Amino acid sequence: MQNEMRKTLKKSLAVVLSAAMLLSVASVSPVAQAAPKAKKITLNAKSKKLEVGKKFTLKVKKVKPSKAKKNVKWTSSKKKVASVSKKGVVKALKVGKTTITATSKTNAKVKATCKITVIKASVAPTPVPTPAVTPTAAPTQAATPTVAPTTEPTVKPTNTPRPTPTPFILPEESLKENVDAFKVGTVINYDKISDKSFTALAAQQFDIVSFENEMKGYSLIDVGASASAVAEEGEGVVKCQFDRADEMVKWAKDNGLQVRGHVLFWEQSMAEAFFYQGYEVPADEEKESKLVDAETLKARMQSYAEQVITHFNTEFPDMVIAWDVVNEAIDSSKDAVADETTGLFLHKTGNFYKILGGEYIKLAFEYAKAAVAKTGKDIQLFYNDFNCFQNDKDNPKTPRIVELIKYLNADENNKLLDCMGMEGYVLTYWPNPSDVKKAMETFSKLGVKVGINELCIRLSQEHSADKTTPVTDADIEAHAKKCEDMFKVYCEFAKSNPGTLTNVSIWALTDRPDLESEATKPEEERHYDYTVYGTHSGLFTADYNAKDAFHRVIQVLKDNK
């Protein structure tokens with residue numbers, strides 16, 4: 001009996017203990033199974049360069065501790081530059097820089113960032129909701145005259161229907177074969193070298209080409225490799241990447257073209273990380289404190305100039321014949337204050353100026369000249385700017401450039417500037433071509449050569465005299481006449497100043513009817529190329545057939561040969 005009672009008691013105790021254990025497990029199970037809070041997260045990229053319209057997916061590569069969940073919330077510091085979806089898909093919307101932040105959902109204090117640099121598309125993308133900001137090719141000041149128009153169309157406007165594409169036929173005449181006094185050029189991007197029709201046209205018409213983006217700092221500086229090299233080689237290190245640019249130079253060589261390098265040192269086209277410690281672009285609130293010191297920036301500039309100039313001369317001797325060393329540095333606004341050290345009127349918001357002051361321009365030319373000297377070649381060094389012909393109290397651009405030229409060439413035994421590069425962004429009704437010629441004469445009297453580096457006679461609804469109606473026959477006639485008149489000025493200058501005009505490079509080569517719908521959009525939503533190049537600005541149609549503007553230019557060249 002007692003044995004039976006003991007057995008029953010043991011069974012009861014076992015049941016109770018089992019039940020207790022189950023309850024215990026059930027009560028602590030959720031805590032035991034919950035993922036620990038994240039202490040650190042790492043993304044699959046610290047920085048990324050995207051063309052407008054392109055996408056890139058950011059992912060959480062690692063999380064510490066490893067059992068912590070990888071769930072994060074994605075945000076963009078500048079949504080108009082690049083957006084980011086809930087799944088980390090980044091879409092580049094307009095030229096600029098932004099920071100994508102991943103915040104851990106298990107620990108809001110833990111974050112990781114990726115610096116996104118959005119550059120102009122090599123192939124014009126489908127317009128996006130928020131397009132590029134002020135164009136890199138030329139600031140919007142060139143599109144808005146600050147002096148009164150000299151002429152206005154007198155022919156009653158009539159709408160011009162959009163032309164039907166026709167088969168591509170090479171012109172019988174060639175620009176380069178009808179001028180001996182200067183080289184004739186155009187601009188290309190990476191997409192163009194695979195375009196057989198464009199290649200045939202470029203080989204027939206031009207002596208030289210410039211690259212729109214592929215020789216700029218954000219294309220040549222390898223930020224990741226530079227950042228990795230800092231620990232061993234110091235903060236002054238710069239690592240470059242040349243694959244795409246090399247491919248384009250080879251294309252030029254294969255087609256009998258030489259190259260103008262564009263551009264070595266320009267705030268807007270440098271990789272932003274170039275200015276920061278460890279090549280890490282910090283959050284906005286830390287940017288001032290994380291800039292490199294003056295000696296580091298000098299070392300980086302010197303190394304970069306030497307690597308770039310030496311590379312192209314070594315790999316492609318005699319192909320790169322000129323470099324735009326500094327771009328668009330002069331502040332022509334009437335309220336601008338002169339730099340205390342140099343006396344020059346300079347834009348002062350960029351990092352070159354913040355770190356080195358106004359002397360950064362002289363340093364840039366000194367580094368470029370030293371690099372050229374090592375090659376033993378005659379590679380011309382340019383300063384490049386827009387609206388160089390403006391010479392009035394509200395926009396005294398010409399006299400301020402004059403002071404820059406004098407500053408750079410003050411030492412008779414060591415003149416740094418060879419040529420003055422005049423961007424050619426004009427309208428059909430502004431400026432008067434004679435104003436351009438006056439500026440060319442002014443610069444040449446200082447002992448420098450002159451080049452027309454980015455000729456774009458803009459025409460679109462926005463750039464016509466009547467901005468409220470589509471481009472008309474009268475507008476197209478005015479455009480052809482302005483092309484004719486501008487080349488008359490170039491030829492007249494070349495005749496009166498032999499050997500002084502180095503080149504006329506046409507950047508608005510073809511029409512862009514694909515951009516016509518941009519005219520109806522708010523200004524801040526328009527496609528990048530609409531502002532820069534317009535819709536009817538070319539010497540050729542969109543399918544590379546010669547326009548009346550081309551034939552008029554040919555006739556001017558023939559008359560002045």
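For the structure itself, consult the block above.
Described in the following lines is the structure provided in the data block. (Residues numbered from 1 in each chain as written. Predicted model: local features only at pLDDT ≥ 70, side-chain atom pairs only at ≥ 80, totals over all residues. Heavy atoms only, no water.)

If you tally the helices and strands in the protein chain, you get 14 helices and 17 strands. Across the 561 residues in the protein chain, those meeting the buried criterion constitute 53%. For the protein chain, the share of sequence-separated contacts (at least 6 apart) that also reach a separation of at least 24 residues comes to 75%. Carbon and sulfur atoms form 52% of the exposed surface of the protein chain, whose accessible area is close to 26,000 Å². (Helix = DSSP H or I, 4+ residues; strand = E, 2+ residues; numbered from the N terminus. Buried < 20%, exposed > 50% of the residue type's maximum accessible area, 1.4 Å probe, protein only. Contact = heavy atoms within 4.5 Å. Areas by Shrake-Rupley, 256 points an atom, 1.4 Å probe, with all protein chains shown as cover.)

Take the packing of aromatic side chains next. Scanning the entire structure with this criterion turns up 14 aromatic pairs. Of the aromatic side chains, those joined through ring pairs into one cluster are F265, F274, F275, Y304, F352 and Y360. Against the face of F382 rests R260, its NZ or CZ located 4.5 Å from the ring centre. The ring of Y407 has K362 sitting right over it, with the charged end atom 5.8 Å from the ring centre. (Phe/Tyr/Trp six-rings, centres within 6.5 Å; stacked < 30°, edge-to-face > 60°. Lys NZ or Arg CZ within 6 Å of the ring centre and 35° of its normal.)

Below, the discussion takes up a positive patch on the surface. Residues K40, K61, K62 and K64 make up a contiguous surface patch of positive charge. Note on K62: relative accessible area 53%, which makes it exposed. (Patch = residues over 30% accessible without salt bridge, like charges linked within 9 Å, V, L, I, M, F, W, Y side chains within 5 Å. Salt bridge = Lys/Arg side-chain N within 4 Å of Asp/Glu carboxyl O. Lys, Arg positive; Asp, Glu negative; His and termini not counted. Charge placed at Lys NZ, Arg CZ, Asp CG, Glu CD.)

Attention shifts here to the nonpolar core. Counting 121 residues, the largest nonpolar core has F274, Y304, F312 and F443 as its most contacted members. Setting aside chain neighbours within four positions, we find F312 in contact with M215, L220, F242, A245, D246, V249, P317, V320 and W323. (Core = buried A, V, L, I, M, F, W, Y, C linked by side-chain atoms within 4.5 Å.)

Of the two faces of strand 11 (residues 208-211), the one holding I208 and S210 and the one holding V209 and F211 are both buried throughout. As judged from the four bridges shared by strand 10 (residues 183-188) and strand 11, these two strands associate in the parallel manner. Counterpart to G185 in the pairing with strand 11 is I208. Taken together, strand 10, helix 2 (residues 196-205) and strand 11 constitute a β-α-β crossover, and its handedness is right-handed. (Pairing = 2+ DSSP bridges. Right-handed = clockwise from strand over helix to strand, strands pointing away.)

This brings us to the packing of helix 7 (residues 294-315) against helix 9 (residues 360-375). Interaxial distance between helix 7 and helix 9 falls to 9 Å at its minimum, and their mutual angle equals 35°. For helix 7 against helix 9, the interelement crossing comes out right-handed. Between helix 7, through K298, M301, Q302, A305, E306, I309 and N313, and helix 9, the contact on the second element is made entirely by Y360, L363, A364, Y367, A368, A371, V372, K374 and T375. Taken together, the residues that form the contact of helix 7 with helix 9 break down as ten nonpolar, three polar and three charged. (Axes fitted to C-alpha atoms, helices over the stretch in contact; angles between N-to-C directions. Left-handed = near helix turned anticlockwise from the far one by under 90°. Nonpolar A, V, L, I, M, F, W, Y, C, P; charged D, E, K, R; others polar.)

The first and last C-alpha atoms of helix 11 (residues 433-444) sit 17 Å apart over twelve residues, in line with the 16 Å expected at 1.5 Å per residue. Listed as buried for helix 11 are P433, V436, A439, M440, F443 and S444. Axial view of helix 11: buried residues confined to an arc of 135°, hence all on one face. Buried positions along helix 11 lie against helix 10 (397-408), strand 15 (419-427), strand 16 (449-458), helix 12 (473-496) and strand 17 (501-506). (Expected span 1.5 Å × (residues − 1). Arc of directions from axis to C-beta.)

Within the element layout of this structure, R400 appears in helix 10. Buried and unpaired, R400 has D331 as its nearest opposite-charge partner, separated by 5.0 Å. When sequence neighbours within four positions are dropped, the list of residues in contact with R400 reads I330, D331, S332, S333, K334, A336 and F345.

Turning our eyes to something else, we now look at the side chain of S226. Mapped onto the elements of the fold, S226 is located in helix 4 (residues 223-233). With residues up to four places along the chain from it excluded, the contact list for S226 reads I221, V237, V238, K239 and Y279.

In short, geometric facts, not functional conclusions.
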